[in-house]
Amino acid sequence: MTIDFKGRVAIVTGAGGGLGREYALELAARGAKVVVNDFGGARDGSGGSATAAEQVVAEIEAKGGTAVPNPASVTDFSAVEAMVADTLSRWGRVDILINNAGVLRDKSFAKMTLDDFRFVLDVHLMGSVNCTKAVWDAMRDAGYGRILMTSSSTGLYGNFGQANYGAAKLGLVGLMKTLALEGAKSNIHVNSIFPVAGTRMTEDVMPEEMLRLLAPKNVVPAALYLVSNVAPTSTILGAGAGGFHAAHVTLTHGIMVPEAERTVETVAARIAEITDRAGETVPTNGAEQGGLVMSRLGELKG
């Protein structure tokens, strides 16, 4: 199987460097027309310049590809709407959106200001919401769309000093899960990737050899698969240094307890049974938790 993107139009945010740059280059190499979006700010979100996006466009064009730069901040919904409107006017469609733009403002929660907490959520979570909202109607009208959210192992499993980042990244998984359901009838597939990559986000916390092994290009195969015409939906893939894996939000079988025994003490005494992962399931939607409970009410009789 050869996967190409001929005839497709893609918007990649945060594409002036790191992962986004690699996504944009490979999409263009495989035939897509690419909007290279990058606000051009520093790692903490300060500043701003179109230079990074323009340089990636120049790289794409030098290799015979088609791309345009866009410096909109993903936090500015009006600017994002204008970016999408320009894309539709220029190329008539938007098939792919990769929400990759991000910032870091790491501190322990005790030392973190609420402004730093809100800003990271605004860029990662609301930035992805803004971009997705801006393309949603066009994708729905076309009956085709591929959207990728960038999550993180910090969101899935936690990491010291990144409460703001982790909250945003797990929020993106919840957003993805719901949009995958809502987009299904319109052939809009929505997925998440959690990369392990050496970028400017991690350049001062990883040794040089590790940064080399974790080159962003190693994440590209998983990311582009998740926005291809053969992509699944509601899938969370991890990638880095040649490794590919999946994460799942699971539900244990748990226990059913008679009314007279529904106490704090019962939960404490039986927590090992409640959390036992034998027979756990991966629900396809939130209603399955209630469905599981209702289906087992018969266990309480007799």
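Up top you'll find the structure we're talking about.
Description of the structure in this document. Remember, predicted model here, so these are calculated numbers, not experimental data.

The rules we used
- Residues numbered from 1 in each chain as written.
- Predicted model: local features only at pLDDT ≥ 70, side-chain atom pairs only at ≥ 80, totals over all residues.
- Heavy atoms only, no water.
- Pairing = 2+ DSSP bridges.
- Helix = DSSP H or I, 4+ residues; strand = E, 2+ residues; numbered from the N terminus.
- Axes fitted to C-alpha atoms, helices over the stretch in contact; angles between N-to-C directions.
- Contact = heavy atoms within 4.5 Å.
- Core = buried A, V, L, I, M, F, W, Y, C linked by side-chain atoms within 4.5 Å.
- Buried < 20%, exposed > 50% of the residue type's maximum accessible area, 1.4 Å probe, protein only.
- Phe/Tyr/Trp six-rings, centres within 6.5 Å; stacked < 30°, edge-to-face > 60°.
- Lys NZ or Arg CZ within 6 Å of the ring centre and 35° of its normal.
- Patch = residues over 30% accessible without salt bridge, like charges linked within 9 Å, V, L, I, M, F, W, Y side chains within 5 Å.
- Areas by Shrake-Rupley, 256 points an atom, 1.4 Å probe, with all protein chains shown as cover.
- Salt bridge = Lys/Arg side-chain N within 4 Å of Asp/Glu carboxyl O.
- Expected span 1.5 Å × (residues − 1).

**Some thoughts on the sheet that holds strand S1 (residues 9-12)**
- On the basis of which strands lie adjacent, the open sheet formed by eight strands has the order S3-S2-S1-S4-S5-S6-S7-S8 and mixed pairing. One side of each edge strand has no neighbouring strand; the edge strands of this open sheet are strand S3 (66-70) and strand S8 (243-247). Adjacent strand axes in the sheet meet at a mean angle of 20°, parallel and antiparallel pairs treated alike.
- Sheet contacts for helix H2 (residues 51-62): strand S2 (33-37) and S3; angle to S3, the most-contacted strand, approximately 175°.
- The strands touched by helix H3 (residues 77-91) are S1, S2 and S3; relative to S2, the strand with the most contacts, the crossing angle is about 160°.

**Structural notes on the nonpolar core**
- In this structure, Ile 11, Leu 97, Val 135, Met 139, Ile 147, Met 149 and Val 190 are the most contacted members of the largest nonpolar core, which totals 36 residues.
- Elements that contribute at least two residues to this core include exactly S1, H3, helix H4 (114-142), strand S5 (145-150), helix H6 (163-183) and strand S6 (188-195).
- The greatest single-element share of this core, amounting to eight residues, is contributed by H4.
- Setting aside anything within four residues of it in sequence, one finds Ile 11 in contact with Val 35, Met 83, Val 84, Thr 87, Val 94, Ile 96, Leu 97, Ile 98 and Val 135.
- Judged by nonpolar contacts, the second largest core, of 33 residues, contains Leu 19, Ile 193, Val 219 and Ala 222.

**A closer look at the environment of Met 139**
- Mapped onto the elements of the fold, Met 139 is located in helix H4.
- Those residues within four positions of Met 139 in sequence are excluded, and the remaining contacts are Val 94, Asp 95, Ile 96, Leu 97, Tyr 144, Gly 145, Arg 146, Ile 147, Ser 186 and Ile 188.

**Some details on the packing of aromatic side chains**
- Tallying each qualifying case throughout the model produces one aromatic pair.
- Between Phe 109 and Phe 117, the ring centres sit 6.3 Å apart and the planes meet at 80°, which makes this aromatic pair edge-to-face.
- Above the ring of Trp 91, the side-chain terminus of Arg 90 is found at 5.8 Å from the ring centroid.

**Comments concerning a nonpolar patch on the surface**
- Residues Met 1, Tyr 225 and Val 230 make up a contiguous nonpolar surface patch of roughly 340 Å² in combined accessible area.
- Among the secondary structure elements, Tyr 225 is positioned in helix H8 (residues 220-225).

**Structural notes on H6**
- In this model, H6 (21 residues) spans 30 Å end to end at C-alpha, consistent with the 30 Å of a helix rising 1.5 Å per residue.
- Those residues of H6 that fall on the buried side of the exposure criterion are Asn 164, Tyr 165, Gly 166, Ala 168, Lys 169, Leu 172, Val 173, Met 176, Leu 179, Ala 180 and Gly 183.
- If you follow the buried residues of H6, they end up packed against H4, S5, helix H5 (153-157), S6 and strand S7 (236-240).

**Here's the deal with the pattern of salt bridges**
- Overall, the coordinates contain twelve salt bridges when judged by the stated rule.
- A salt bridge links Arg 8 to Asp 95; its shortest N-O distance comes to 3.4 Å. Here Arg 8, found in the segment before S1, pairs with Asp 95, found in the loop between H3 and strand S4 (96-99); they are 87 residues apart in sequence, far enough to count as distant.
- The closest approach of N and O atoms between Arg 270 and Glu 273, which form a salt bridge, is 2.9 Å.
- Classification of Arg 270 by relative accessible area gives partly exposed; the value is 25%.
- You can call Glu 273 partly exposed: its relative accessible area is 39%.
- A cluster of three or more residues bridged by salt bridges with shared partners is formed by Arg 8, Arg 93 and Asp 95.

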